[in-house]
Amino acid sequence: MAKYDYVPSPFMSNPIVKWVDHRLPIFEMVDQQLIKYPAPRNLNYWWNFGSLAGVMLVVMILSGIFLAMNYQPSTVAAFDSVERIMRDVNYGWLLRYMHMNGASMFFVVVYIHIARGLYYGSYKAPREILWWLGLLIFLAMMATAFMGYVLPWGQMSFWGATVITNLFSAIPLVGKSIVTWLWGGFSVDNPTLNRFFALHYLLPFVIAGLVLLHLWALHVHGSNNPLGIDAKGPQDKIPFHPYYTVKDAFGLSVFLIIYAYFVFFNPYMLGDPDNWIPANPLVTPPHIVPEWYFLPFYAILRSVPDKLGGVTLMFGAIAILFVLPWLDTSRVRSGRFRPAFRVFFWLFMVVTVTLGWCGSQPPEGMALTIGQICTVLYFLHFLVFLPLLGWFERPLPLPASIAEPVLKSAAK
Amino acid sequence: MAQPGTSTLTTSPGGGRQHEDGTARRDFLYLSATAFGATGAVLTGWAFISSMNPSADVLALSSTEVNLSAMQPGQAITVVWRGKPVFVRYRTPEEIAKAKADDKADLRDPELDSKRVQKSQWLILVGVCTHLGCVPLGQKPTDPHGDFGGWFCPCHGSHYDTSGRIRKGPAPKNLEVPTYTFLNDTTIRIG
Ligand code: HEM
Ligand code: FES
């Protein structure tokens, strides 16, 4: 079903391949969707982060399954079983450091991947469903990471679980019953830990399913590119292999060096020491902070002095991304041709990072005020700046084709 | 699978006997079969959802007895009830007076102090912040007690007064008073 002029790779004429493909055309699919697959010829390194995210999902599933072979999901045994993994299980420390820091790396990669989409307008027609699937993956990742963090049953595990599940108590009328239902009791306890483990095991496979849909949607219209214009013909594209397989492999090597630094030399840099204290339902740690990747949303939650308001705004911060394709009224995709948008894009980046910092501080004084200003700016960006920019901004002239600027710069 | 579209059925030659108004017997079968199937799926789904609610053994652990005889005025203890901390405070006359005076203050969740206690010296509260569920500080004399002399929740900064009422910060409600009964002068049963 290839829409392009597909010339099969040589291995496709191998008799075994032919025999299999006649019954299940799996080689043909790989050849058409991964090897000969035509990709825009001008993709830059920001396009590496999709495949990096895929690699991280595999790393998380593998390290997770092997951890699960030694982990015990009960309030009595969980903390000790993680200690045993660290001290007694062969290479248990490696599995756990890979998994712990892998979660952080996964979020770094996905945040960059999302920011790439925001800058180059990858959410615009005809890629809205692709964008939604990405956001669903992001939501499922947050749920998975949240429940995973509960499993070691330290103080932060317990109190993080308490505070986050209590967010649902803000729902009028049924809130309290929902929270009791989530807990399976009257506080975060053994039933909660058990179900979180079951779901923590399940959700990554749901994510894998969503990733397949995400790729399917991607391959209908192909990748966006740094110029944000559509490919005009075969001269604008190159086959995925070897060009992008090699580029992705190079990017992966660099990424693995950074990941390995955390795993081998600084495994606790991104963690919270309070999680080395076993969970105690009677004592709340003086300063509760979620893992770094939730901090911007946590800051939004705390910047509203009203419970329901804070919770609504926090979920709204993600919900608003679903309607982004319609809030951005500009017909030009790439930020490269939108001088005014670019300013606001970078302002938005500064706002989210600042929110992250505010989320890590106690909610008082300067940090609280700055957090409130940034919360307002976060929503202004989507609700006011982007809709207006599309009307008032004069974009730069777009090149005639993808090939044109590439060939021009090569000629110099 | 066949499409349960009415229009195609009634006009198709193999669509079975037709009534005068144009509906086929098969339409009824499709609709009733679908309805039965959907009802069964919903009921089974309910069993799954309900299995996540507190189980009988969790519900069975729902009362705790506390002996108060050793407590001194000004002292507070924390006991566990249904996995949650419960604050039991032997209030001093000053604390009681303050709580009564605060009845007239601007309260977010207005409630008289007298409605929150059975015997005014014994204040019994679920020690869970009504914001997002942290345990407020204030049980120990060395703890911070907030701006109103009661409890202070460090998580997002909620202040409670000497009757456990919310006075400042993001929490919407007063600290909850659990159901409890005095079994005799020095023993209570919570739950
Ligand atoms: C989307 C992929 C995943 C993410 C983002 C993720 C995230 C996390 C996080 C943040 C922790 C807490 C680490 C710590 O502080 O100790 C954790 C723990 C754990 N995860 Fe995952 N995880 C993923 C996939 C999986 C899978 C597929 C399994 C397979 C069963 C798994 C099994 C475990 C186990 C057993 C623990 C507890 C041991 C420990 O705390 O190190 N995870 N996970
Ligand atoms: S949980 Fe007490 S102030 Fe948020």
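What you are looking at is a predicted structure, and each value in this text was computed from that prediction instead of being measured. (Residues numbered from 1 in each chain as written. Chains lettered and ligands numbered in written order. Predicted model: local features only at pLDDT ≥ 70, side-chain atom pairs only at ≥ 80, totals over all residues. Heavy atoms only, no water.)

(A) Broad picture of the overall build of chain B. Scanning chain B for helices and strands turns up four helices and nine strands. Its helices and strands taken in sequence order, chain B reads α-α-α-β-β-β-α-β-β-β-β-β-β from the N to the C terminus. The burial tally for chain B puts 40% of its 191 residues in the buried class. Across chain B, contacts joining residues at least 24 apart in sequence account for 52% of those joining residues at least 6 apart. Counting only carbon and sulfur atoms, one obtains 59% of the accessible surface of chain B, whose full area is about 10,600 Å². (Helix = DSSP H or I, 4+ residues; strand = E, 2+ residues; numbered from the N terminus. Buried < 20%, exposed > 50% of the residue type's maximum accessible area, 1.4 Å probe, protein only. Contact = heavy atoms within 4.5 Å. Areas by Shrake-Rupley, 256 points an atom, 1.4 Å probe, with all protein chains shown as cover.)

(B) Expanded view of the interface of chain A and chain B. Each partner contributes residues to the interface: chain A has 26 residues there, and chain B has 24 residues. Scanning the region where chain A abuts chain B turns up one salt bridge. If you look at where chain A meets chain B, you find eight residue pairs in polar contact (both at pLDDT 80 or more). Those elements that provide at least two residues to the side of chain A that touches chain B are α7 (155-166), α8 (175-183), α9 (190-221) and α11 (295-302) of chain A. Element by element, the count of residues in the side of chain A that touches chain B is highest for α7 of chain A, at four residues. (Salt bridge = Lys/Arg side-chain N within 4 Å of Asp/Glu carboxyl O. Polar contact = N/O pair within 3.5 Å; in protein donor to acceptor, adjacent residues only side chain to side chain.)

(C) Looking closely at the domain arrangement of chain B. Assigned domains of chain B: these are domain 1 (9-51) and domain 2 (59-190). If you average the C-alpha positions of domain 1 of chain B and of domain 2 of chain B, the two centres end up 57 Å apart. (Domains from an automatic or database assignment.)

(D) Quick peek at the coordination of the iron atom of ligand 1. All names here are of chain A. Around the iron atom of ligand 1, the donor atoms from the protein are His-99 (NE2) and His-200 (NE2), and they sit 1.9 to 2.0 Å away. What the six donor atoms of the iron atom of ligand 1 show is an angle range of 88 to 180 degrees at the metal, which sorts the shape as octahedral. With His-99 in helix α5 (residues 92-120) and His-200 in helix α9, the pair connects residues that are 101 residues apart, well separated along the chain. (Donors = N, O, S within 2.8 Å, 3.2 Å for Na, K, Ca; no water. Tetrahedral: all angles 85-135°; square planar, octahedral: opposite > 155°, others 65-115°.)

(E) Highlighting the state of the cysteines. Summed over the entire model, instances satisfying the criterion amount to one disulfide over all chains. Summary of cysteine pairing: Cys-358 of chain A is not part of a disulfide, and the nearest cysteine sulfur, belonging to Cys-374 of chain A, is at 5.5 Å. (Disulfide = S-S within 2.5 Å.)

(F) Quick look at the pattern of salt bridges. Under the criterion given, the structure shown has 15 salt bridges over all chains. Across the pair Glu-83 of chain A and Arg-87 of chain A runs a salt bridge, and its minimum N-O distance is 2.9 Å. Here Glu-83 of chain A pairs with Arg-87 of chain A, and both are found in helix α4 (residues 78-87), just four residues apart, close to one helical turn. Overall, the relative accessible area of 15% leaves Glu-83 of chain A in the buried class. For Arg-87 of chain A, a relative accessible area of 65% corresponds to the exposed category. In this structure, Glu-95 of chain B and Arg-89 of chain B form a salt bridge, with 3.2 Å as the shortest nitrogen-oxygen distance. Among the charged side chains, a salt-bridge network with shared partners connects Asp-102, Asp-103, Asp-161, Arg-165 and Arg-167 of chain B.

(G) Structural context of the site of ligand 1. Residues and elements named next belong to chain A. Around ligand 1 there are 24 residues in total, and Arg-96, His-99, Met-100, His-200 and Tyr-201 lie nearest to it. Here His-200 contributes a side-chain N or O atom positioned 2.8 Å from a nitrogen atom of ligand 1. Breaking the shell around ligand 1 down by element, the ones donating at least two residues are α3 (49-68), α5, α6 (128-150) and α9. With six residues, the single largest contributor to the shell around ligand 1 is α3. Across the shell around ligand 1, the residue classes break down as 18 nonpolar, five polar and one charged. (Near = heavy atom within 4 Å. Nonpolar A, V, L, I, M, F, W, Y, C, P; charged D, E, K, R; others polar.)

(H) Representation of the sheet that holds strand β4 (residues 122-126) of chain B within the structure. Residue and element names in this part refer to chain B. Strand order in the open sheet made by the three strands is β2-β3-β4, with antiparallel pairing throughout. Single-partner strands in this sheet number two, and they are β2 (76-81) and β4. On average, each strand axis in the sheet is inclined to that of its neighbour by 20 degrees, with strand direction left out of account. (Pairing = 2+ DSSP bridges. Axes fitted to C-alpha atoms, helices over the stretch in contact; angles between N-to-C directions.)

(I) Highlighting the sheet that holds strand β7 (residues 166-168) of chain B. All names here are of chain B. Here we have three strands laid out as an open sheet, ordered β5-β6-β7, and antiparallel in their pairing. Strands with a single pairing partner mark the edges of an open sheet, and in this sheet they are β5 (149-153) and β7. Adjacent strand axes in the sheet meet at a mean angle of 35 degrees, parallel and antiparallel pairs treated alike. Bridge analysis of strand β6 (residues 158-161) against β7 gives two bridges, and the strand direction is antiparallel. Opposite His-159, over in β7, you have Lys-168 as the bridge partner.

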